[in-house]
Amino acid sequence: MNKKGFTLIELLATITIISIVTTMISINIFKAHEFERMNNEKKKTKIITSAACIFIEFERNYNLKQECLTTGCDINSQELIKAKLLNENDVNNNIIIHISKENLEKQCKIKES
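Residues numbered from 1 in each chain as written. Predicted model: local features only at pLDDT ≥ 70, side-chain atom pairs only at ≥ 80, totals over all residues. Heavy atoms only, no water.

K.L.:
I would appreciate a short explanation of the pattern of salt bridges in the present structure.
P.N.:
Here the idea is simple: oppositely charged side chains can pair when their charged atoms come close. With the rule as written, the count across this model stands at four salt bridges. Across the pair R37 and E34 runs a salt bridge whose closest N-O atoms are separated by 2.6 Å. Of this pair, R37 and E34 both sit in helix α1 (residues 8–55), three residues apart, which is roughly one turn of that helix. Residue classification places E34 among the partly exposed positions, given a relative accessible area of 26%. (Salt bridge = Lys/Arg side-chain N within 4 Å of Asp/Glu carboxyl O. Helix = DSSP H or I, 4+ residues; strand = E, 2+ residues; numbered from the N terminus. Buried < 20%, exposed > 50% of the residue type's maximum accessible area, 1.4 Å probe, protein only.)

K.L.:
Please explain the pairing of strand β2 (residues 96–102) as it appears in this structure.
P.N.:
Walk down a regular strand and you will see the side chains alternate between the two sheet faces. Both strand β1 (residues 73–76) and β2 contribute to a ladder of four bridges, which runs antiparallel. Directly across from C73, in β2, lies its bridge partner I99. Hairpin connection, β2 to strand β3 (residues 105–110): the antiparallel pair is bridged by two residues, and N103 has positive phi, about 50 degrees. (Pairing = 2+ DSSP bridges.)

K.L.:
What should I look at first to understand the state of the cysteines in this one?
P.N.:
Note on terminology: disulfide describes a covalent bond linking the sulfur atoms of two cysteines. The final tally for this structure, using the stated rule, is one disulfide. Here C68 connects covalently by a disulfide to C73, the sulfurs 1.6 Å from one another. Disulfide C68-C73: torsion about the S-S bond near 75 degrees, hence right-handed. Judged by its relative accessible area of 0%, C68 is buried. Classification of C73 as buried rests on a relative accessible area of 6%. (Disulfide = S-S within 2.5 Å.)

Structure, rendered in structure tokens:
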């Protein structure tokens with residue numbers, strides 16, 4: 001007898017294998033996307049805190065710098081946007097950065113709200 005085509009079991013096995021491979025690829029794509037999103041958030045946080053640390057180093061902010069390094073202070077991201085250290089399209093306007101001196105080093109951290 002001359003057979004042409006596939007049996008039902010062969011077709012089901014092929015569909016099952018394709019489904020498993022597709023699921024694995026989808027999961028890996030989702031993980032890669034999530035990893036990239038987290039990396040972007042870390043980079044954005046680093047940029048914001050660096051901008052705040054630079055802001056208090058401006059000569060016109062000498063008194064603010066002294067206050068920040070002695071008792072600690074908070075800087076709103078709006079001040080950094082006005083100083084043109086950040087772009088308002090890239091930053092949430094309600095971010096507050098806390099600057100203080102810890103272990104003889106200046107620390108700039110985003111304040112949890």
